Each structure stands twice: as structure tokens, then as C-alpha cells.
Amino acid sequence: MTEPGRQRAETATPRTPEGSVEVDYVVAGLGALGSGAAWQLATRGHSVVGLEQFELGHSRGASHDTSRILRHSYHTPAYVRLTQEAYDDWARLEAESGETLVTVAGGLDLFPPDCAISPDDYVGSLRACGIAFEELDVGEIRQRWPQFHPPAGTLGLYQERGAIVPAARGTAAMQRLAAEAGATLVGSTSVTRVTDHGSHVVVEAGDTAYTCRGVVVAADAWTNQVLAGLGVEIPLTVTLEQPTYFQPADPAAYEDLPIWIWMDEPSYYGFPCYGEPTVKAAQDCGGPTVDPDDRTSEPDPEMRDRLAAFMGSLLPGSGDVVRSLRCQYTLTPDRDFVLAPVPGHGSVVVGLGSAHGFKFAPTFGRVLADLVTTGETTSDVSGFGFDRPGLTDPAYEANWMV
Ligand SMILES: Cc1cc2nc3c(=O)[nH]c(=O)nc-3n(C[C@H](O)[C@H](O)[C@H](O)COP(=O)(O)OP(=O)(O)OC[C@H]3O[C@@H](n4cnc5c(N)ncnc54)[C@H](O)[C@@H]3O)c2cc1C
């Protein structure tokens, strides 16, 4: 959806004597997380304005392109429990949108010998949450999926619910539901200032000042710009990543490939693309650090060649590169999310996915709506506040391997 809401914001929303627009809640940033929050807030009957600095559905952030991984396998029981909510919230989004969004293909985590990521954490966390999985040796992996050629000693952890969800389409579905529930979604309009007045918050964007009860900041790589003036700065690193599509000579042989993640440093992942005969793959955290306002959209041949060499060893039949594109990662030092009110500003709530948040977009939409309206949520987001060492300790050593 594009700009149908802009007119509604200007015509139907009451204006205060000072000339600002009054609305219950503002959402700053309409990628996956902000779209989820707008959907959830509007569905609960609140008046909502969502503001996006670029056109809706643009490709300069993190929520565009074909697909993202949805999986139970994670390194702590708390994360695994959150994935259980994620599957439920995607099912709710499917039911409300009438769209099929979750494609279950099975998920295979591959742990080579002496790998950087501990399989014990994954196995223990799945077990603690009662999620079924299989442990496979190389022979069993090769027997089930002869396309893989992992080195001797590789452990495979297979979880049958591993899935992909569509990035651009899933985000658009939440925007559509938000608009249908009455939200006004405005593209090409940048939030320039957020000020907390205690009883209300003022969000300035373009030539309009929105007076609201609370604001959800879902600006990912631009979060600190939006928060400037509220006395907080999150230590964020933005990297420019590069998913690449390969064309197998025999695409049919790749149709039953599970979603796979190479759990080492460097880490890679990939899966078959549904709807086109290609295999998508990328390195996790393999791109350079960039300024989101001054970065290229051109593919990097060195990154492509590094990935192609890895694919040649793990999936030798995955074929030639057909295209690459760029996408931003916005990373906290501990790679944990931020889902919390800004300290001292309870009506300004931040949602940040730390470059693995798409799978949780419908869940985070619900959580952010809970937090900005009531200050509480039933989901366990206790690890994602501002008061943790990863965000407060300047000496904290970044670790993005999860
Ligand atoms: C290549 C790649 C692969 C990934 N794979 C996975 C995966 O498999 N599984 C998974 O769960 N996650 C994955 N992720 C991470 C996931 O996609 C992101 O965590 C998620 O999409 C972030 O959504 P967002 O809405 O926070 O950010 P964005 O989509 O970047 O949205 C933020 C929005 O805020 C807007 N904005 C910023 N400042 C302002 C302002 N001042 N005024 C108005 N608007 C503003 C921006 O323009 C942008 O549209 C991947 C990411 C990438 C790049």
C-alpha cells in the first residue's frame, strides 16, 4: 500500500489549537517491526500514524527481498520460548491476512568439528523447551540430502519446523492489516524529532507535529538519530550484507533441501527459493561497516566470490550466481534485541531486531504495542532492556555469533 493514509491524517484527525495533529500513538519506521506494531496498535482500536522516511516497501533497510528464516533452534531456552510465540503470531497473521506466509522446509544446523558456535547450547535449549529434533552424523546427512558435502565430523541438528517467511510480502501484509484497521501510514516522511513532555510525546515529521500518548521507534539502522535528544545512544554497528542467488543445473534436485545454517566463523546460511528455481545463500555478518545514509547498493564481487567458494565446497551442485543484492544488518554488541522503553521516557518504546528479528516481527509488533500502551507484556523480554552490559559497558566485546 502506498499513500492512501496521508489524506486521512490531514483531514480526519483532529488538530489542537497549536496546529499539531493529535493521535493516540505514532510509529517511527515502517519496516517489518514498525509495520507489526502499527498493525497491533490499530487492531486494538487506537488511532495510529506510522511514518516512514522512504517510500513504503523500499529496499534501503532490512525488510525487503524474498525471504527470512523462521526457526526454533536457538542458543538459549529464552530464545527458543520466544520462537514458540513467533510461530503462533505468524499463524495469527496468516489467519487475519488470509495469506500463506510460512513455508515449512525443515531446518538443518551444521556444526563442523571445533566450530565457533557450541552445539550443546542449541541441543540443551531445544530440550529444555520440549522441542523435538534429530542429531545426524555426516553419513546420515548425506543419506537424506546427498546435495550436502560437509566435512567429516560435522554434526547436523535437524528440526522439522524450520521455515521461511516472506520479507517484503510479510511486511506488506502487516501494513495492509494496519491500514484496514484504521492506521494512517505515511511514506517519504522522516521523523526529525521526538520530545517527551511527560503527559504526552511530540513527534515532528515534515511540517507536522504529532501529539501522542506514546511512540514506537522501529528505525533500526537510524534508531539513534530518532532518539537524539532523549539522552540515550545505543551502541549499534550497521553492516552491509549481501544475499546471493545461485542457479543449480538441476533445480529439482534442490527442491527438498532444508534451510541450513553453517554454525562456524565465518557463518553462512541458505535455502531453496520457493517460486523460482534458485538457491539463496549469504554469509552472516560478512559485510563491511557502513553509514546507512551513505552506502552503496551495488553488489561486492569479493563477497560474492567468497560465498561462491564456500557453496562450491558444501553444496557443489548449487550452480552459478544469478544475482546478488544488499541489505543492512543493525547489530547490538551482544546481538540481543532491544524491546523496551527508553530509560526515563516510558512513553518512547524502542524495537530493534539486531539482524535476526524478522522471524519475530509479528511477535515484536504485539510486544511493542503492549509496552507502549501499558508498559507491560506477557512475553519474556527481560533480556532486551537498556540496562544490560552489552549496551552499558563500553568495554563489552562484541559477539555476533548466535
Ligand atoms: C540479508 C539479511 C538476512 C536476514 N535474515 C534473517 C533471517 O533469516 N531471519 C530473521 O529473523 N531475520 C533476518 N534478518 C534480520 C531482519 O530482516 C531484520 O532484523 C528486520 O527486518 C528489521 O526490521 P526493522 O523494521 O527493524 O528494520 P527496517 O526494515 O530497516 O525498518 C526500519 C525503517 O525505519 C525507517 N526509518 C528510519 N529512520 C526514520 C525516520 N527518522 N523517520 C521515518 N522512518 C525512519 C527506515 O527507512 C526503515 O524503513 C536478515 C537481515 C538481512 C539484511
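Residues numbered from 1 in each chain as written. Predicted model: local features only at pLDDT ≥ 70, side-chain atom pairs only at ≥ 80, totals over all residues. Heavy atoms only, no water.

1. Some words on the overall build of the protein
Step number 1: Each helix and strand counted, the protein has 10 helices and 23 strands in total.
Step number 2: Over its C-alpha atoms the protein spans a radius of gyration of 21 Å, differing by no more than 12% from the 21 Å that the globule rule assigns to 402 residues.
Step number 3: Referenced to the eigenvectors of the C-alpha coordinate spread, the extents of the protein come out at roughly 75 × 40 × 40 Å.
Step number 4: Across the 402 residues in the protein, those meeting the buried criterion constitute 57%.
Step number 5: A separation threshold of at least 6 residues defines the contact pool for the protein, and within that pool the share at least 24 residues apart is 73%.
Step number 6: Across the protein, the 27 positively charged side chains and the 53 negatively charged ones have centroids separated by 4 Å. (Helix = DSSP H or I, 4+ residues; strand = E, 2+ residues; numbered from the N terminus. Rg over C-alpha atoms; globule rule 2.2 N^0.38 Å. Buried < 20%, exposed > 50% of the residue type's maximum accessible area, 1.4 Å probe, protein only. Contact = heavy atoms within 4.5 Å. Lys, Arg positive; Asp, Glu negative; His and termini not counted. Charge placed at Lys NZ, Arg CZ, Asp CG, Glu CD.)

2. With respect to the site of the ligand
Step number 1: Taken together, 33 residues sit near the ligand, with Glu-52, His-58, Ser-63, Ile-69 and Cys-327 positioned nearest.
Step number 2: Taking Leu-33, its main chain carries an N or O atom lying 3.0 Å from an oxygen atom of the ligand.
Step number 3: Contact distances for the ligand include 3.1 Å between an oxygen atom and a backbone N or O atom of Gly-357.
Step number 4: In the complex, 97% of the free accessible area of the ligand, which totals 1,000 Å², lies under the protein chains.
Step number 5: When residues of the shell around the ligand are traced back to their parent elements, those giving at least two are α2 (32-43), β4 (67-70) and β21 (327-331).
Step number 6: When residues of the shell around the ligand are assigned to their parent elements, the largest contribution, 3 residues, is made by β21. (Near = heavy atom within 4 Å. Polar contact = N/O pair within 3.5 Å; in protein donor to acceptor, adjacent residues only side chain to side chain. Areas by Shrake-Rupley, 256 points an atom, 1.4 Å probe, with all protein chains shown as cover.)

3. Some details on the side chain of Asp-370
Step number 1: Inspection of the secondary structure assignment puts Asp-370 in helix α9 (residues 361-374).
Step number 2: The contact partners of Asp-370, leaving out residues within four places of it in the chain, are Arg-44, Gly-375, Glu-376, Thr-377 and Thr-378.

4. Looking at the environment of Tyr-79
Step number 1: Mapping Tyr-79 onto the fold places it in helix α3 (residues 77-97).
Step number 2: Between the alpha carbons of Tyr-79 and Leu-93 there is a distance of 21 Å; along the sequence they are 14 residues apart.
Step number 3: Beyond its immediate sequence surroundings of up to four residues, Tyr-79 is in contact with Tyr-74, Arg-335, Asp-336, Phe-337, His-356 and Phe-384.

5. As for the domain arrangement of the protein
Step number 1: Per the domain assignment, the segments making up the protein are domain 1 (4-62 + 168-235 + 334-392) and domain 2 (107-160 + 238-329).
Step number 2: A C-alpha centroid distance of 32 Å is found between domain 1 and domain 2.
Step number 3: Around 710 Å² of area is buried between domain 1 and domain 2 when both sides are counted, 46% of it from carbon and sulfur atoms.
Step number 4: Three residues stand out in domain 1 for area buried against domain 2, namely Ala-221, Trp-222 and Arg-335, and they jointly supply 45% of the buried area on that side.
Step number 5: Across the pair Asp-284 and Arg-335 runs a salt bridge whose closest N-O atoms are separated by 2.8 Å.
Step number 6: Between domain 1 and domain 2 we count 4 residue pairs in polar contact (both at pLDDT 80 or more) in total.
Step number 7: By residue class, the composition of the side of domain 1 that touches domain 2 is 4 nonpolar, 3 polar and 2 charged. (Domains from an automatic or database assignment. Buried area = accessible area lost by both parts, 1.4 Å probe. Salt bridge = Lys/Arg side-chain N within 4 Å of Asp/Glu carboxyl O. Nonpolar A, V, L, I, M, F, W, Y, C, P; charged D, E, K, R; others polar.)

6. A look at the sheet that holds strand β3 (residues 48-51)
Step number 1: Overall, mixed pairing links the 6 strands, which are arranged β10-β3-β2-β14-β23-β22 in an open sheet. Each edge of the open sheet is held by one strand with a lone partner, namely β10 (184-186) and β22 (338-342). Direction aside, the axes of adjacent strands within the sheet are offset by 20° on average.
Step number 2: The pairing of β3 with β10 spans 3 bridges and is parallel. Within the sheet, the bridge partner assigned to Leu-51 lies in β10 and is Val-186. (Pairing = 2+ DSSP bridges. Axes fitted to C-alpha atoms, helices over the stretch in contact; angles between N-to-C directions.)

7. Looking at the packing of α2 against helix α6 (residues 167-180)
Step number 1: The geometry of α2 relative to α6 is characterised by a closest axis approach of 8 Å and an angle of 25° between their N-to-C directions. For the element pair α2 / α6, the angle class is roughly parallel. Classified by chirality, the crossing of α6 by α2 is left-handed. Of the residues in α6, those in contact with Ala-32, Ser-35, Gly-36, Ala-38, Trp-39 and Ala-42 of α2 are Thr-171, Met-174, Gln-175, Leu-177 and Ala-178.
Step number 2: Looking at the contact of α2 with α6 residue by residue, the class counts come to 7 nonpolar, 4 polar and no charged. (Parallel < 35°, antiparallel > 145°, perpendicular 65-115°, else oblique. Left-handed = near helix turned anticlockwise from the far one by under 90°.)

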